[in-house]
Amino acid sequence: MKVLKFGGTSVGSVENMTNVKNIINDGNKKIVVLSAMSGTTNSLVDIANNIKVSNTDKALQDINALHEKYILVIDALLSDATLNGLTKTYVAERFNFLIECTYKSFSQLIENEILAQGELMSTFMFNSFLQQEGINSCLLSALDFMKIDAHKEPSFNYIQNNLQTVLSEADTAEIYITQGFICLDDTGEVSNLQRGGSDYTATIIGAAIKAEEVQIWTDIDGMHNNDPRFVEGTKPISDLSFDEAAELAYFGAKILHPQTILPVRKDGIPVRLKNTMDPIAKGTSITGNHVETGIKAIAAKDNITAIKIKSGRMLQAHGFLKKVFEIFETYETSIDMITTSEVAVSLTIDDDRNLEQIVSELEKFSNIEIDTNQSIICLVGHAIVDHEGTHKLFKILKDVNIRMISYGGSRNNISLLVDTENKIKTLQKLNGYLFELVTL
Ligand code: ADP
Ligand code: ASP
Ligand code: MG
């Protein structure tokens with residue numbers, strides 16, 4: 001069985017939902033994972049933020065505006081009076097729940113429950129649409145099988161067992177529809193897999209059922225060789241290895257949630273990235289194979305903090321790095337890049353929630369300098385560090401101020417740290433040097 005995930009744009013209009021219906025209705029049994037309609041999760045984040053700061057009027061105004069938008073979509077999607085009525089009732093219940101949230105005292109759980117409403121509504125609406133079109137579909141609640149543990153990792157055995165149960169209970173269905181993004185946490189409360197998490201839902205399900213393939217359908221024709229939001233003339237990449245795709249996803253290629261590749265890599269389940277609006281475009285195929293060497297793509301990750309740890313007696317004092325790493329471990333903060341010299345070590349983190357405590361521990365034996373608003377620019381390709389074309393990368397040094405370089409940590413990745421204000425310029429320059437697509 002295949003798992004097909006459709007993102008926000010793919011379920012964001014009646015026209016696109018019709019495209020999705022045509023793509024999935026091919027006579028093969030499958031699991032379809034859906035995101036919220038595009039823009040909905042952002043609106044729900046705003047609503048939650050307004051409730052948090054007791055801006056109740058604004059929250060209620062936004063809830064009503066969003067509800068009206070959904071009524072228009074339902075009327076355009078569902079001409080069948082019974083299904084139209086049923087769906088409007090379900091959606092009205094979700095919006096009543098949001099209104100109730102404005103009177104409750106705010107908590108992380110309330111926020112998670114607010115954010116969950118988008119996927120609950122999109123899957124209900126789309127399942128009604130399939131019923132109207134006479135397709136044998138069944139709606140599965142992701143909250144019946146998707147769960148994370150106390151470290152926010154998927155509880156794999158639980159997911160596998162529970163998913164098997166819900167699938168066998170609905171055995172006669174041809175198409176299973178379920179929500180991406182949402183899950184239960186270790187205490188059984190509603191939680192989520194972080195923004196963009198529907199991709200991750202799809203590969204977790206793919207691994208749990210040992211799927212033949214996972215397809216991620218979105219609004220672009222596959223993984224491009226640079227960020228199309230900031231660089232003109234980017235091109236889709238037809239083949240990527242799991243390693244390359246995992247690096248690109250982790251280092252900011254927004255088309256994939258950072259963890260998407262992890263669940264499927266072990267079993268070698270292929271992942272295909274496809275465009276809902278252009279289904280015949282080849283897209284990107286992600287497998288265990290390495291096709292050609294050299295630089296394939298560039299991605300960027302923002303909100304990075306660089307920490308320089310300076311100590312007079314660093315490298316001579318063995319055990320110094322161990323001491324440093326133990327502090328990061330204590331505060332459950334992972335390190336992305338690291339460079340060392342005789343007197344200092346610089347490293348980067350993307351989660352600065354415990355920065356203050358980390359710095360006060362480090363200051364007990366070193367001097368600390370912090371740079372915020374940094375971006376990691378990551379160049380990815382199989383054996384990139386050995387490739388003859390890679391030397392062109394260093395031309396960038398004359399144009400952009402690079403704070404750190406990581407070269408050789410893996411053969412597939414070279415990372416540069418720049419001020420975020422220089423990110424777009426760096427991506428564009430690199431595109432010119434490395435792919436020779438843009439004349440700067
Ligand atoms: P979905 O809602 O379908 O999950 P996303 O917005 O999360 O879609 O991801 C698709 C978007 O990712 C594209 O529209 C594109 O702007 C952006 N993107 C960023 N980097 C890349 C890249 N390297 N290749 C393709 N798309 C990228
Ligand atoms: N709806 C969620 C988000 O916008 C999850 C997803 O789209 O993948 O982050
Ligand atoms: Mg996404």
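Above this text you will find the structure in question.
What this report covers is the structure whose coordinates are included nearby. On a predicted model such as this, the values are computed, not experimentally measured, just so you know. (Residues numbered from 1 in each chain as written. Chains lettered and ligands numbered in written order. Predicted model: local features only at pLDDT ≥ 70, side-chain atom pairs only at ≥ 80, totals over all residues. Heavy atoms only, no water.)

What follows concerns the overall build of the chain. Within the chain, the secondary structure is distributed over 12 helices and 16 strands. Projecting the C-alpha coordinates of the chain onto the three principal axes gives extents of approximately 75 × 50 × 45 Å. Residues counted as buried form 53% of the 440 residues belonging to the chain. Residue pairs at least 24 apart in sequence account for 75% of intrachain contacts in the chain once pairs closer than 6 positions are excluded. Total accessible area computed for the chain in this model is approximately 19600 Å², and 47% of it derives from carbon and sulfur atoms. The average position of the 40 basic charges and that of the 57 acidic charges among the side chains of the chain differ by 5 Å. (Helix = DSSP H or I, 4+ residues; strand = E, 2+ residues; numbered from the N terminus. Buried < 20%, exposed > 50% of the residue type's maximum accessible area, 1.4 Å probe, protein only. Contact = heavy atoms within 4.5 Å. Areas by Shrake-Rupley, 256 points an atom, 1.4 Å probe, with all protein chains shown as cover. Lys, Arg positive; Asp, Glu negative; His and termini not counted. Charge placed at Lys NZ, Arg CZ, Asp CG, Glu CD.)

The next point concerns helix α3 (residues 56–77). Between its first and last C-alpha atoms α3 spans 31 Å; for 22 residues at 1.5 Å apiece the expected length is 32 Å, and the two agree. Within α3, burial applies to Ala59, Asp62, Ile63, Leu66, His67, Tyr70, Val73, Ile74 and Leu77. Angularly, the buried residues of α3 cover 140 degrees about the axis, an arc narrow enough to put them on a single face. Along α3, the residues that are exposed and aim more than 90 degrees away from the buried face are Asp57, Gln61, Glu68, Leu72 and Ala76. (Expected span 1.5 Å × (residues − 1). Arc of directions from axis to C-beta.)

For Ser54, which is not a glycine, the phi torsion comes out positive at approximately 60 degrees. Locating Ser54 in the fold gives a position in the loop between α2 (40–52) and α3. According to the relative accessible area criterion, Ser54 is exposed, its value standing at 60%. In this structure, Asn373 is a non-glycine residue whose phi angle is positive, near 55 degrees. Mapped onto the fold, Asn373 is located in strand β14 (residues 367–380). Taking relative accessible area as the criterion, Asn373 reaches 56% and is therefore assigned exposed.

What follows is about the sheet that holds strand β4 (residues 175–179). Spatial strand order, β3-β4-β2-β1-β7-β9-β10-β8: 8 strands in an open sheet with mixed pairing. Pairing within the sheet leaves two strands with one partner each, and these edge strands are β3 (137–140) and β8 (239–241). For this sheet the average axis-to-axis angle between neighbouring strands, irrespective of direction, equals 20 degrees. Where helix α1 (residues 14–24) meets the sheet, it contacts β1 (2–6), β2 (30–34), β4 and β7 (213–218), and its direction lies at approximately 170 degrees from that of β1. On top of the sheet, helix α5 (residues 108–132) reaches β2, β3 and β4; it is set at about 160 degrees to β4, its chief contact. (Pairing = 2+ DSSP bridges. Axes fitted to C-alpha atoms, helices over the stretch in contact; angles between N-to-C directions.)

A word on the site of ligand 1. Within the structure, ligand 1 sits among 15 residues, and Lys5, Thr218, Asp219, His224 and Lys254 are positioned closest to it. Between an oxygen atom of ligand 1 and a side-chain N or O atom of Lys5, the distance comes to 3.0 Å. In the complex, 86% of the free accessible area of ligand 1, which totals 570 Å², lies under the protein chains. (Near = heavy atom within 4 Å. Polar contact = N/O pair within 3.5 Å; in protein donor to acceptor, adjacent residues only side chain to side chain.)

Across the 5 residues of β2, 5 count as buried, placing the element largely inside the fold. Of the two faces of β2, the one holding Lys30, Val32 and Leu34 and the one holding Ile31 and Val33 are both buried throughout. The sheet contact formed by β1 and β2 spans 5 bridges and is parallel. Bridging across to β2, Val3 finds its partner in Ile31. For the handedness criterion, the β-α-β arrangement of β1, α1 and β2 is classed as right-handed. Summarising the sheet, β2 and β4 pair through 5 bridges and their orientation is parallel. Counted as the bridge partner of Val32 is Ile177 from β4. (Right-handed = clockwise from strand over helix to strand, strands pointing away.)

Every residue close to ligand 2 is listed here: Ser35, Ala36, Thr41, Glu119, Phe181, Arg195, Gly196, Gly197 and Ser198. A distance of 2.8 Å separates a nitrogen atom of ligand 2 from a polar side-chain atom of Thr41. Between Arg195 and ligand 2, the recorded distance is 2.7 Å, taken from a side-chain N or O atom to an oxygen atom. Surface burial for ligand 2 is 86%, taken as the share of its 270 Å² of free accessible area covered by protein chains. Here the residues of the shell around ligand 2 sort into 2 nonpolar, 5 polar and 2 charged. (Nonpolar A, V, L, I, M, F, W, Y, C, P; charged D, E, K, R; others polar.)

A cluster of nonpolar residues, Phe394, Leu397 and Tyr407, forms a patch on the protein surface that exposes about 270 Å² of accessible area. Its location among the elements puts Phe394 in the loop between β14 and β15 (404–410). (Patch = residues over 30% accessible without salt bridge, like charges linked within 9 Å, V, L, I, M, F, W, Y side chains within 5 Å. Salt bridge = Lys/Arg side-chain N within 4 Å of Asp/Glu carboxyl O.)

This part takes up the sheet that holds strand β16 (residues 413–419). Across the sheet, 6 strands lie side by side as β12-β13-β11-β14-β16-β15; this open sheet has antiparallel pairing. For this open sheet the edge positions go to β12 (335–340) and β15, each flanked by a neighbour on one side alone. Going across the sheet, the axis of each strand differs from the next one's by a mean of 30 degrees, ignoring polarity. Along the sheet, helix α12 (residues 423–435) contacts β11 (297–310), β14 and β16; its crossing angle with β11, the most-contacted strand, is approximately 125 degrees.

So yeah, pure geometry; function would need other evidence.
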